[in-house]
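# Examination of the molecular architecture
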Amino acid sequence: MASQGPLYIGFDLSTQQLKGLVVASDLKVVNIAKFDFDVDSKGFDVKKGVLTNEAEHEVFAPVAMWLQALDNVLQQLKDQGLDFSLVQGVSGAGQQHGSVYWNGQAEDLLKGLDKGKSLEEQLTAALSYPYSPNWQDASTQKECDEFDALLGDEEKLAQVTGSKAHHRFTGPQILRFQRKHPEEYQKTSRISLVSSFLASVLLGQVAPFDISDVCGMNLWDMQENCWNEDLVKFCAGKYGADELKRKLGDVPHDGGLHLGKIHNYFVERYGFHPKCTILPSTGDNPSTILALPLRPLDAMVSLGTSTTFLMSTPEYKPDPSTHFFNHPTTPGLYMFMLCYKNGGLAREQVRDAINDKIGSLKGSNSWDNFDRVMLETAVAGQKTDTDPMKMGLYFPRPEIVPNLRNGEWHFNYCPKKKELQETVDGWDRPLDDARAIVESQMLSLRLRSKDLVHSSKDGVPAQPRRVYLVGGGSRNRAIAKVAGEVLGGVEGVYSLDVGENACALGAAYKAVWAIERSPGQTFEDLIGKRWKEDEFIEKIADGYQPAAFDKYGVAVEGFEMMEKQVLQQESAR
C-alpha cells in the first residue's frame, strides 16, 4: 500500500550509476530506481561509467550523462506510481572530489528550465567544460607534490586540510585544470562538486558545497572551518585568489540547511509539491556513515575488494595516511577514514593457495578451509609466549597505506627483545598466512585509529564501542572473530547489510532529519530512534577478548616496526 505520509528522496550519483531511493518518515524504503551509465545511457561511450585518457592518466565522466540519468530516474519513479506531491525533502550523495565547471550562462539556464525539454538538452550549454574528473584520475602528481610542499610538507597539509594531497582531491584537480584549460577556466563562473552539482540542478541555481564534502578538496581549513588563504591563492595561480573564491562560493556550516524549494521544472514535469525542500547533498563516504547512525566510538569496516575504515569521532588528529572530514550533520564530530587498495583480493589469494594445498570439496571458492585453518592457528601465530609472532604484508596491488609497491613480506617478531627478522622460518605456508593476512589488515586499522578511541567502560582499555562489518567479507564469522580480537568492540562485532543502497539511504535519512528535526536535535538522536537495527544488523562475533586484545596490543608495536623497515628497504632500492 502506498505511503500517505511525508516522503523523502535520497539520490546516489556514483561512478557507475545514479540511484534514487524514497523513504517514509519511519525510514521504510518505498521506492527505488536506478540508471546504469554503461547500459542505459544514450550517446556516451563510457566503460564502468567513465572515459579514460591513459596517456595522461586521466579518468573523467561526461556531465551531460548525469543530467540524462536524473530525468530517467525520476521518470522511473513516476512510472512506479510514486506520488511526488508527498515528497517533502530531497538530498543526495555524490562521488567525492569530482568537479563540475559552470559557465556564465549557468544561473540563467538553471533558473529558466522548461518542462517540455530534458535537462540534458537545456543544461549542457551551462557547462564551461563538459567533463568531470573522476576519483580514479591520477593525472595530478605534479600538483600534489606542489600542494604537499606549499605549507612545508604533507604532515602540515594534513594538519590543515585533514588529508595530504591526493590525485583525486579537487584542489590539485582545479590547479591542473586552470593550467591545462586556461580558456575554459576563465569562462567558468562557478565550480561545483558532484554532490553540489546534483543539488544545483534540483534547486535551479548553483548550490553551495556541503560542510563535509568540502573537506575532500585540500583547500578547506578544518580547524578554522573556512577556505585556507594560502592554498586558495596557490590553486588560483595567475588568476587570483579572489576570483577562485567567487567560483567556489561560501560554505554553510549547517549540514541540514534548507537551501530552497525545488525548481518548478520538477513540479510541472513530475508532480513534486512546490514546497518540497532541497537539502545539501554530501559525498558518498560521508553519506555512507549516515546510512548507519554511528555513535562516537562506533567503527565501520568495509571488507570489499578494497578495505575502508570509517569512524565518527570528536578527536581531530590528522595524519598523512588518513582522512578527516567534518561530520556531514553533527558539528563537533569528525569523520575519520582510512582507505586501502588491498582487501578481498589479498584474502582470496591466500584462500586459493590453501585450497590448492589441502583440497576443497566445495570448490576452489570455498572459504571452509581458510576459516578452519585460521581459527586453529594461535593468535599472531604464537603457540607459546616464547615463540616469535608471525606477521606480514600482503599487497597484490600497490598500496597507499603504507605507500608500497605490490608484493609480500613475512617477518618474525620477538616482543620481549623487540627484534624483527624478515624470514619465513617456522612458517607453515600457506596455512599460517590465513590468520596472518587477516591480522595484518586489522592491525593496520588498529595502529592508525588507536589515538582516536578511548575507554567507554571502567576497566576496559581504549577501543571501539561496536565494530560494524560491511562488504563481501562481512558475513564471514571467522574473519569477524579475528577482527574483534584485534580491534576490540566492547559491545561486539556486527554484520551490517543495507545492500548496495548505503549512500542513497544516508542521503534520504539526512533529508528526513533536516526537515523533521526539532531545534537542536541531532541526526543521531532523531534517526537513531527510528532506525530499526534488527532489520539491518546481526551480531556475529563477541568482539573484545581481554587476553587476545592485550596480545595484539603488543603485536601492533611489531607491526609498526615491520612497516617502517619495509618502507626503508624499498626507498633504498
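Worth saying up front: this structure is predicted, and the values here are computed from it rather than measured. Within each chain, residue numbers correspond to sequence positions counted from 1 in written order. Thresholds applied to this predicted model are a pLDDT of at least 70 for local features of residues and 80 or more for the giving and counting of side-chain atom pairs; totals over whole chains, interfaces and linings are not thresholded and use all residues. The basis for every side-chain value is the complete set of heavy atoms in the structure, and neither hydrogens nor water enter the calculation.

### Quick notes on the layout of surface pockets
Condition: Every definition here rests on a 1 Å grid over the protein atoms only: cavities are sets of points where a 1.4 Å probe fits but cannot get out, pockets are open sets enclosed by protein on both sides within 12 Å along at least five of seven lines, and lining residues have some atom within 4 Å of a point. Grid points are joined across faces, edges and corners, and a volume is the space filled by probe spheres set on the points. Every helix listed is a DSSP run of H or I at least four residues long, and every strand listed is a run of E at least two residues long, numbered separately from the N terminus. When residues are grouped by polarity, Ala, Val, Leu, Ile, Met, Phe, Trp, Tyr, Cys and Pro land in nonpolar, Asp, Glu, Lys and Arg in charged, and all others, Gly among them, in polar. In this document the domain limits rely on a domain assignment from an automatic tool or a database.
In this structure, the second largest pocket occupies an estimated 580 Å³ of space. Lining the second largest pocket are 22 residues; nearest its centre among them are D319, P320, S321, R448 and E560. When residues of the lining of the second largest pocket are traced back to their parent elements, those giving at least two are α6 (154-161), α16 (431-449) and α20 (546-571). Looking at the lining of the second largest pocket, the element that brings in the most residues is α20, giving four residues. Here the lining of the second largest pocket is built from residues that sort into eight nonpolar, three polar and eleven charged. Domain assignment of the residues forming the lining of the second largest pocket places at least three in each of domain 1 (7-286) and domain 2 (344-489 + 542-572).

### Points about the packing of aromatic side chains
Here is the rule: To pair, rings of Phe, Tyr and Trp, with the six-membered ring standing in for Trp, must have centres within 6.5 Å; the planes then decide the type, stacked if under 30 degrees apart, edge-to-face if over 60, and tilted in the middle. Each residue's exposure class comes from its accessible area (1.4 Å probe, protein chains only) as a fraction of the maximum for that residue type: buried when under 20%, exposed when over 50%, partly exposed otherwise.
Applying the stated criterion across every chain, the model contains 27 aromatic pairs. Ring geometry for Y129 against F177: centres 5.1 Å apart, planes inclined by 65 degrees, an arrangement best described as edge-to-face. With Y129 in strand β8 (residues 127-129) and F177 in helix α7 (residues 170-180), this residue pair connects regions lying 48 residues apart in the sequence. Residue classification places Y129 among the buried residues on the basis of a relative accessible area of 18%. A relative accessible area of 6% means that F177 is categorised as buried. Between F395 and W409, the ring centres sit 6.2 Å apart and the planes meet at 65 degrees, which makes this aromatic pair edge-to-face. Note that F395 is positioned in strand β20 (residues 389-395) and W409 in strand β23 (residues 407-414), a separation of 14 residues in sequence.

### Quick word on helix α17 (residues 477-487)
Rule in force here: Between N or O atoms, a polar contact is any pair within 3.5 Å; within protein, one atom must be a potential hydrogen donor and the other a potential acceptor, and residues adjacent in sequence are included only when both atoms are from side chains.
The buried fraction of α17 amounts to nine of the eleven residues, a majority that puts the element mostly inside the structure. Within α17, the full set of buried residues consists of A478, I479, A480, V482, A483, G484, E485, V486 and L487. Structurally, the start of α17 carries an N-cap: the backbone nitrogen of A478 is 3.0 Å from a side-chain oxygen of N476. One or two positions beyond α17, positive phi appears at G488, with a value near 85 degrees.

### Details of the pattern of salt bridges
Convention followed: Definition used for salt bridges: Asp or Glu carboxyl oxygen within 4 Å of a side-chain nitrogen of Lys or Arg.
Tallying each qualifying case throughout the model produces 35 salt bridges. With its nearest N and O atoms 2.6 Å apart, the salt bridge here joins R176 to E58. Linking R176 in helix α7 with E58 in strand β5 (residues 58-62), this pair joins segments that are 118 residues apart in sequence. Considered together, R176 and E58 belong to a single accessibility category, that of buried residues.

### Some points on the domain arrangement of the protein chain
Domain boundaries assigned for the protein chain yield domain 1 (7-286) and domain 2 (344-489 + 542-572). Between domain 1 and domain 2, the C-alpha centre-to-centre distance is 38 Å.

### Considering the side chain of D148
As a reminder, the rule being used: We treat Lys and Arg as the positive residues and Asp and Glu as the negative residues; His and chain ends play no part in the count. Residue contacts follow a heavy-atom distance rule, with two residues in contact if any of their heavy atoms lie within 4.5 Å.
Of note, D148 is situated in helix α5 (residues 141-150). We note that D148 is buried and unpaired, the nearest opposite charge coming from K164 at a distance of 5.9 Å. Filtering out sequence-adjacent residues up to four positions away, D148 remains in contact with D153, E154, L157, K164 and A165.

### Describing the pairing of strand β25 (residues 467-470)
Put simply, the rule reads: Paired strands, in this sense, are two strands between which DSSP finds at least two bridges. Look down the strands so they point away from you; if going from the first strand over the helix to the second traces a clockwise path, that crossover is right-handed.
Alternating residues of β25 divide into V467 and L469 and Y468 and V470, and every residue in both groups is buried. When strand β16 (residues 299-303) meets β25, the two strands line up parallel, connected through four bridges. Bridge pairing in β25 links M300 to Y468. In the sheet, β25 pairs with strand β26 (residues 493-496) via three bridges, with the strands oriented parallel. Looking at the pairing, V467 lines up with V493 of β26. Where the polypeptide runs from β25 across α17 and back to β26, its parallel neighbour, the crossover connection is right-handed.

### Considerations on the pairing of strand β17 (residues 307-313)
Of all seven residues making up β17, seven are buried, and the element is well covered by its neighbours. The two faces of β17 match: T307, F309, M311 and T313 on one face and T308, L310 and S312 on the other face are all buried. Relative to β17, β16 runs antiparallel, the two being bridged by five bridges. Paired with S302 across the two strands is T308, which belongs to β17. If you look at the hairpin formed by β16 and β17, you'll find three residues sitting between the two strands. One ladder, built from seven bridges, connects β17 with strand β19 (residues 334-340); its direction is antiparallel. Bridge pairing in β19 places S312 opposite M335.

### Considering empty space enclosed by the protein
Rolled over the atoms, a probe as big as a water molecule pinpoints where empty space is left. Applying the stated criterion across every chain, the model contains five cavities of 30 Å³ or more. If you trace the largest cavity, you find 14 residues lining it, with E58, Y129, P133, Q173 and R176 closest to the centre. Among the elements of the structure, β5, β9 (131-133) and α7 are those that each provide at least two residues to the lining of the largest cavity. When residues of the lining of the largest cavity are assigned to their parent elements, the largest contribution, four residues, is made by α7. Broken down by class, the residue content of the lining of the largest cavity amounts to seven nonpolar, three polar and four charged. Lining the second largest cavity are 15 residues; nearest its centre among them are Y340, F395, S440, Q441 and S444. For the lining of the second largest cavity, the element with the most residues is α16, which contributes four residues. Here the residues of the lining of the second largest cavity are counted per class, giving eight nonpolar, five polar and two charged.

### Observations concerning the packing of helix α14 (residues 344-358) against helix α15 (residues 368-376)
Going by this rule: Axis definition: a line fitted to C-alpha atoms, limited for helices to the stretch in contact. Angles are taken between N-to-C directions and run from 0 to 180 degrees. An angle counts as roughly parallel when it lies under 35 degrees, as roughly antiparallel when it exceeds 145, as roughly perpendicular when it falls between 65 and 115, and as oblique in every other case.
Closest axis-to-axis distance for the α14/α15 pair is 8 Å, and the angle between their directions is 95 degrees. Between α14 and α15, the interaxial angle falls into the category roughly perpendicular. Every residue of α15 that contacts α14 at R347, V350, R351, I354, N355 and I358 is listed here: N369, F370, R372 and V373. For the contact of α14 with α15, the residue count by class is five nonpolar, two polar and three charged.

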